[in-house]
4 protein chains.
Amino acid sequence: MAGSTYGTIFKITTWGESHGKALGVVIDGCPAGLALSEEDIQKYLNRRKPGASSITTPRKEDDTVEILSGVFEGRTTGTPISLMVRNTSQISRDYSAIAKCYRPGHADYTFDEKYGFRDYRGGGRSSGRETIGRVAAGAVACKILEQLGVKVTAYTRSIGPVTIDYEHFDRDAILNTVTAMPDRNADKKAVEFLNEARSNYDSVGGSMECMVEGLPAGIGDPVFEKLDANLAKAIMSIGAVKAVEIGDGTLVSSRLGSENNDSFRMNGEQVMKNTNHAGGILGGISDGDTVLIRAHVKPTPSIFKPQQTVNADHQEIEIQIKGRHDPIIVPRAVVVMECMTALTVLDAMLINTSARMEYLEHFYGGQ
Amino acid sequence: MAGSTYGTIFKITTWGESHGKALGVVIDGCPAGLALSEEDIQKYLNRRKPGASSITTPRKEDDTVEILSGVFEGRTTGTPISLMVRNTSQISRDYSAIAKCYRPGHADYTFDEKYGFRDYRGGGRSSGRETIGRVAAGAVACKILEQLGVKVTAYTRSIGPVTIDYEHFDRDAILNTVTAMPDRNADKKAVEFLNEARSNYDSVGGSMECMVEGLPAGIGDPVFEKLDANLAKAIMSIGAVKAVEIGDGTLVSSRLGSENNDSFRMNGEQVMKNTNHAGGILGGISDGDTVLIRAHVKPTPSIFKPQQTVNADHQEIEIQIKGRHDPIIVPRAVVVMECMTALTVLDAMLINTSARMEYLEHFYGGQ
Amino acid sequence: MAGSTYGTIFKITTWGESHGKALGVVIDGCPAGLALSEEDIQKYLNRRKPGASSITTPRKEDDTVEILSGVFEGRTTGTPISLMVRNTSQISRDYSAIAKCYRPGHADYTFDEKYGFRDYRGGGRSSGRETIGRVAAGAVACKILEQLGVKVTAYTRSIGPVTIDYEHFDRDAILNTVTAMPDRNADKKAVEFLNEARSNYDSVGGSMECMVEGLPAGIGDPVFEKLDANLAKAIMSIGAVKAVEIGDGTLVSSRLGSENNDSFRMNGEQVMKNTNHAGGILGGISDGDTVLIRAHVKPTPSIFKPQQTVNADHQEIEIQIKGRHDPIIVPRAVVVMECMTALTVLDAMLINTSARMEYLEHFYGGQ
Amino acid sequence: MAGSTYGTIFKITTWGESHGKALGVVIDGCPAGLALSEEDIQKYLNRRKPGASSITTPRKEDDTVEILSGVFEGRTTGTPISLMVRNTSQISRDYSAIAKCYRPGHADYTFDEKYGFRDYRGGGRSSGRETIGRVAAGAVACKILEQLGVKVTAYTRSIGPVTIDYEHFDRDAILNTVTAMPDRNADKKAVEFLNEARSNYDSVGGSMECMVEGLPAGIGDPVFEKLDANLAKAIMSIGAVKAVEIGDGTLVSSRLGSENNDSFRMNGEQVMKNTNHAGGILGGISDGDTVLIRAHVKPTPSIFKPQQTVNADHQEIEIQIKGRHDPIIVPRAVVVMECMTALTVLDAMLINTSARMEYLEHFYGGQ
């Protein structure tokens, strides 16, 4: 089915495969009048590009975005915004070795079972390159949110056994470390751990977090379009994510109610919580506090050790994956998490503008 | 916005508040020809009713379902199935004490912020009674799935510090213990722990799991309608759930790729995985193995200890909640998890029937 | 599939069959804070009830609506509003004569082909009683629109050869004639024509129109959610409607451009059109003028003359329909047209509140 | 809002403006395994291109389609198909004369009212070039339908006062006359009429029809997703269409029931109707007969006579439109009607594959 469309009012449709001609996204429902340039989008795409460091693939991906429609004289017109990135460096080499092979941890087998065959070049639609469309659209969502006073920030929380130290949270480090960790000390240790795994022909898992700051209370729609439910879907839809937590997440299951409840107090005229175990969401609706989401990401399934598997002819075989693969997914997935969060929050905010009769009477003029 | 509708082909719309006249659900898109009686649904509703044991509320909820439409001569007609449960024991007592109070851990504040006011009787729409509609619809989904060879089973995994022993997994115990644990020993310990918490005027968190057995490979639609993404949304939309895991979940973030990849092998003519860290889903599509979902549930926010909070007039106050409240949410939420999982899986299966041209040619007769 | 849900933000789901236990609708996404009583809805339902006159069925339908959820202390809460009408006078008589018969002009055959069987009592879901849910929901939409300054008015335009005289349009007559014609003279002639057809055991077609007055310019979303496109769907979905026109409708196909274009002029500070051939919609977006929709409705298919047909056993038979049937559909369908129009216009207005960045910056406070 | 997405299972999203960089469509939910080439699509696009005859604009539009994703080794993969047409001949000339002018019959005013400003070059998104995406997607839908035995054929029915003679319906003429009329005699007369109007600086309205042959009974979903309701929306969403009829359409409103009912008979083992006043749809579900839809299209609003209007500064002005404009819309809109019909019918057919339990048990294997 149609599974590549996301959102109700701010609706995006992504397309493209790893080694096809291009990848892209159509944003439908973007409010008119937003100043928007290719540079606004390019800077987000650059964050998901492989870098030059030892922990990312030496592959060169020159992902240059082109705005094809929906922007006139520098502003969005309210009509669909089509964004495209041409594939330039995806040289189609000889794929005969893997065309019929089911790589462990990959979607080769399940795509074949669903569709009868698959585009086997570089993972096709199940490649990480699929996220180009998400990030291009998310860049636009982030720009709108910033103009509405909402800031979305994602970062790496842990790589293998190395976890950031929240006591020394360094926001500047996120965009300036190869791990996207907000902690330069953890970054250093993580790189060491990654290099060791890499030299063992292995890969590493990790976790990432995303904060939404400045979100007003009242966003999210019970009972199925709760803000946390939609965030869980958005983040779980990112390849390799296997768990999503809101606020204190898994910790709540071993807590007492008296420990876990966030008591309310006044801060001047503002209702606040003394703690934020809830992660900024109560009953599926934002409470005005920082929304916090955490995701756990599996290790890159492409490892260079020999692995047992089967092929499409149902023969048991041994494979040894070659090519250029990151030893960890998380650092490049951080911007994807940020973008999926932004898309989700923005859509909920747009929907919320008609939640009360008084809003409508104000907008249209009551009688 | 309209947040009470779930599903694309098998679409449900729930309605009703804790202390309103009734609660219910409309199931739209149920395939025609399913044998269906009120008893099929009632047995699921009975699983979420409070029981007589010490760990559930002594409240009596006589939740009797009535089929109002969509079933004729014992079979579904393909038209909307309306199911209703009248509220009979929700005596509207004096709510003046809590009408303007924001209870910690509850959605009182966020509903007020979103809608301008709220139905404060018993939590209104944010009450656990909201799940009656989910369970009634889920019972129908489960019946269809069983006829298609798919079995959905949820159970309590942990209560506070007490976790089930998978070595002695006892499926019969799920419906025959007050905790819904598949382990009678753990059940006993958990009840002790709960009684202690209860006597301290406190409540307890826990976790639950759901298995989907017999699901064919190929179900789920990349990239936003992935099976795991929709399951995450479905389960996170249940009140009090704060984390959702698929397969090994949070564990993957500290693993190596060589540990986490599930290698493939042949089992006769059938492709199988040697392990199931992935939880039966690869690239968002079912792989034929058991799908496993885990959810972490916060402690009941209604505790009997005094708590600091504020009211709608923005005064800081102390409240002491009274009434009848379970000390734990999980055992009664297990059937809700089972139902939300069934609804999600069934909808994905219905969508999948048009995934390939060969399916359509077979269905309509090709040229 | 799920075909009983309509709308994006103001979303309704109708359910129920002619001779089932009840019929109803769930309204999801109604803005919070609307004063709403059962009387508000009942007065619309009463307009579709059969009356005592010769042109409507002598059937007694005591359609009393009950609000089951979503209204608290006289105001909508923003949560789903469940409305139900119990079937009380639908005595299930002996249907064996028609259970297997395919009545000409009815949906008996197509329901059997689609679903494999059908609820044959009184037309089941394809009965005109299905519109109870539409009208109950539409009554709420109309009330909201009125508070926003938008007035929706439908009426009978023609019955057989008798057409209203627009020169003597009498708005008061709509609710005070048995034909719902805004012209008492035409009403009188139409009744005569109907009585004649009735005495010949025949039925009569007719047409109806709906005006939307006070709608601001800017409503409707190109290119598939154009206001006229959605109105066409809404009105064509009413049973027995076979054509829908906007503005001058079918006349435009024989016009010259110089005749059909509506030139603009200023009316004080307000842009206006000198004529309204367009029916208030340009490019799928309202232009501030009155929106005009026209629908053509086939004669009641239940006629008392003998007819040739076949049965489910594929035998050619002759049937003679008995029972209580209106000789014309239009007068009771007028309120349905009004309601479907209101639902469509309101949903488009709710969606429009996020069309521009400046709206959002005003709502959320810009940076 | 997001108004550029159409369809539930076979879902398309169109984008692009008249004078932007490109136009296109993303098809999401196309069944896997369809043989598809650019030539399959190009031949439909060529039908909407302006030709060399006197009745179409002398504008050269070299609309060459490129498949950017979703097709691998000549077959659809089940993932999104992105199709793009670069704008090559849309030279941006000096638009200062019309940038602020509201042309009568165009959407200039309403776009400004909705979005605050507009892309004024060549009509922007409200240009007829918007239909490129519809046609490209419709070409794919038509190819699938043909493989399932369903044939969709649209043609011009009338131009001004000239209507085709059904007695001499000449299917070959549709693609071989400049008017797309299935009647060479009418074509000749219509061209004369058009040339006369053209020499008077005027334009002409017309009507078109679409037949769906070979559609099995049972397609369409009551009560809001009825086949006729969705066709009405699909066709009314085409720019300049002001009325949509199904079967005998407007004629039914002046008929008697005994005239309008289609009686059933047997044709061998097949249930048939003796007549087809209903246009192949009963109760919103296909009845196995030919589906017939008729649309009335207004004259091209761009005429070369001087017209009164206002500008964005709210001054009353006179304009005289220049440039290259067809004197009639219909002949080039015929393929658009064919494509919108195909998209609607195909989507309903895909949805129908899960309408009965027996279908599902057959597909998944029952228990």
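As the structure is a computational prediction, the values presented were derived from the model and not from experiment.

Describing the sheet that holds strand β7 (residues 81-86) of chain C
Residue and element names in this part refer to chain C. Sheet architecture is open: five strands sit in the order β1-β2-β3-β7-β4, paired in antiparallel fashion. Whereas interior strands pair on both sides, the edge strands pair on one side only; in this sheet they are β1 (5-6) and β4 (65-67). As judged from the three bridges shared by β4 and β7, these two strands associate in the antiparallel manner. Following the sheet pairing, Ile 67 is matched in β7 by Leu 83. Of the strands in this sheet, β2 (11-16), β3 (22-28) and β7 are in contact with helix α4 (residues 131-147), which crosses β3 at around 35°.

Considerations on the interface of chain A and chain C
Contacts between the two partners involve 30 residues from chain A and, on the opposite side, 30 residues from chain C. When chain A packs against chain C, close to 2,600 Å² is buried across both sides, 70% of that on carbon and sulfur atoms. Joining chain A to chain C, the criterion identifies zero salt bridges. At the boundary of chain A and chain C, one finds nine residue pairs in polar contact (both at pLDDT 80 or more). Contributions of two or more residues to the side of chain A that touches chain C are made by α4 (131-147), α8 (330-352) and α9 (357-364) of chain A. With seven residues, α9 of chain A is the largest single contributor of residues to the side of chain A that touches chain C.

Concerning the sheet that holds strand β4 (residues 65-67) of chain A
Residue and element names in this part refer to chain A. The strand order across the open sheet built from five strands is β1-β2-β3-β7-β4, with neighbouring strands paired in antiparallel fashion. In this open sheet, the two edge strands, each paired with only one partner strand, are β1 (5-6) and β4. Looking at chain direction, strand β2 (residues 11-16) and strand β3 (residues 22-28) are connected through six bridges and run antiparallel. Paired with Gly 16 across the strands is Leu 23, a residue of β3. The strands touched by helix α1 (residues 38-48) within the sheet are β4 and β7 (81-86), with β4 carrying the most contacts at an inclination of about 150°.

Side note on the pairing of strand β10 (residues 206-213) of chain C
Residue and element names in this part refer to chain C. Counting buried positions along β10 yields seven of eight residues, so the element is predominantly enclosed. Where strand β8 (residues 151-159) meets β10, eight bridges bridge the pair, whose relative direction is antiparallel. Following the sheet pairing, Ser 158 is matched in β10 by Ser 207. With seven bridges connecting them, β10 and strand β16 (residues 291-297) associate as antiparallel partners. Following the sheet pairing, Glu 209 is matched in β16 by Arg 294.

Some details on the relation of the copies chain A and chain C
Least-squares fitting of chain A to chain C yields an RMSD of 0.0 Å, with the superposition described by an axial translation of 0.0 Å and a rotation of 180°. Here the two chains are linked by the operation of a two-fold rotation axis. The position closest to the rotation axis in chain A is occupied by the C-alpha of Thr 353 of chain A, lying 3.2 Å away.

Re the packing of helix α3 (residues 131-147) of chain D against helix α7 (residues 330-352) of chain D
All names here are of chain D. Between α3 and α7, the least distance of the axes is 8 Å, while the angle of their chain directions is 55°. By the angle between their directions, the pair α3 and α7 is classed as oblique. Relative to α7, the crossing made by α3 is left-handed. Contact with α3, carried on its side by Thr 131, Arg 134, Val 135, Ala 137, Gly 138, Ala 139, Ala 141, Cys 142, Ile 144 and Leu 145, involves Val 335, Val 336, Cys 339, Met 340, Ala 342, Leu 343, Val 345, Leu 346 and Met 349 of α7 and no other residues of that element. Each residue belonging to the contact of α3 with α7 can be placed in one class, and the counts come to 16 nonpolar, two polar and one charged.

With respect to the environment of Tyr 201 of chain B
Residues and elements named next belong to chain B. Looking at where Tyr 201 falls in the secondary structure, it is placed in the loop between α4 (184-199) and β10 (206-213). Sequence separation between Tyr 201 and Lys 305 is 104 residues; the distance between their C-alpha atoms is 5.6 Å. Apart from the residues lying within four places of it in its own chain, the contact partners of Tyr 201 are Ile 303, Phe 304 and Lys 305.

What to know about unusual backbone geometry
Residues other than glycine predominantly adopt negative phi, and peptide bonds predominantly adopt the trans conformation. In this structure, Val 223 of chain A follows Pro 222 of chain A across a cis peptide bond, with omega equal to 5°. With respect to the helices, strands and loops of the structure, Val 223 of chain A is situated in the loop between β10 (206-213) and α6 (227-236). The residue Tyr 201 of chain A is not glycine, and still its phi comes out positive at about 60°. Its identity as a non-glycine residue notwithstanding, Ala 240 of chain D has a phi of 85°, on the positive side. The residue Ala 240 of chain D is located in the loop between α5 (227-236) and β11 (241-246) in this model.

Here we look at the relation of the copies chain B and chain A
Overlaying chain B on chain A yields an RMSD of 0.0 Å, the required transformation being a rotation through 180° with an accompanying axial translation of 0.0 Å. A shared interface surface links the copies, since 100% of the contact residues of chain B are contact residues in chain A too.

Digging into the packing of helix α5 (residues 227-236) of chain B against helix α7 (residues 330-351) of chain B
Residue and element names in this part refer to chain B. Here α5 crosses α7 at 145°, and the two axes come no closer than 9 Å. Judged by the sense of rotation from one axis to the other, the crossing of α5 with α7 is right-handed. Only Met 337, Met 340, Thr 341, Thr 344, Val 345 and Ala 348 of α7 make contact with α5, whose side of the interface consists of Leu 227, Asn 230, Leu 231, Ala 234 and Ile 235. Its residues assigned to classes, the contact of α5 with α7 comprises eight nonpolar, three polar and no charged.

Some words on the pattern of salt bridges
Overall, the coordinates contain 104 salt bridges over all chains when judged by the stated rule. Between Lys 21 of chain B and Glu 66 of chain C there is a salt bridge, with its nearest N and O atoms 3.2 Å apart. Of this pair, Lys 21 of chain B sits in the loop between β2 (11-16) and β3 (22-28) while Glu 66 of chain C sits in strand β4, placing the two residues on different chains. Taking the relative accessible area as the measure of exposure, Lys 21 of chain B reaches 39% and is therefore partly exposed. For the salt bridge of Lys 100 of chain C with Asp 313 of chain C, the shortest nitrogen-to-oxygen distance reads 3.2 Å. Placement of the pair is Lys 100 of chain C in the loop between α2 (96-99) and α3 (108-115) and Asp 313 of chain C in the loop between β17 (307-310) and β18 (316-319), with a sequence separation of 213 residues. Accessibility expressed as a relative area gives 45% for Lys 100 of chain C, which makes it partly exposed.

Observations concerning the pairing of strand β7 (residues 81-86) of chain D
Residue and element names in this part refer to chain D. Most of β7 sits inside the fold, with five of its six residues counted as buried. Here strand β3 (residues 22-28) runs beside β7; their pairing, made up of six bridges, is antiparallel. Note on β7: the bridge partner recorded for Gly 24 is Met 84.

What about helix α3 (residues 131-147) of chain B?
Residues and elements named next belong to chain B. In a regular helix each residue adds 1.5 Å, so 17 residues correspond to 24 Å; α3 covers 24 Å between its end C-alpha atoms and thus fits that length. For α3, a buried count of 14 out of 17 residues is recorded, marking the element as mostly surrounded by other parts of the structure. With its phi angle positive at about 85°, Gly 149 sits one or two positions after the end of α3.

What counts, and at which threshold
- Residues numbered from 1 in each chain as written.
- Chains lettered and ligands numbered in written order.
- Predicted model: local features only at pLDDT ≥ 70, side-chain atom pairs only at ≥ 80, totals over all residues.
- Heavy atoms only, no water.
- Pairing = 2+ DSSP bridges.
- Helix = DSSP H or I, 4+ residues; strand = E, 2+ residues; numbered from the N terminus.
- Contact = heavy atoms within 4.5 Å.
- Axes fitted to C-alpha atoms, helices over the stretch in contact; angles between N-to-C directions.
- Buried area = accessible area lost by both parts, 1.4 Å probe.
- Salt bridge = Lys/Arg side-chain N within 4 Å of Asp/Glu carboxyl O.
- Polar contact = N/O pair within 3.5 Å; in protein donor to acceptor, adjacent residues only side chain to side chain.
- Buried < 20%, exposed > 50% of the residue type's maximum accessible area, 1.4 Å probe, protein only.
- Least-squares fit on C-alpha atoms with pLDDT ≥ 70 in both.
- Parallel < 35°, antiparallel > 145°, perpendicular 65-115°, else oblique.
- Left-handed = near helix turned anticlockwise from the far one by under 90°.
- Nonpolar A, V, L, I, M, F, W, Y, C, P; charged D, E, K, R; others polar.
- Expected span 1.5 Å × (residues − 1).

Without other data, these values stay purely geometric and don't point to any function.
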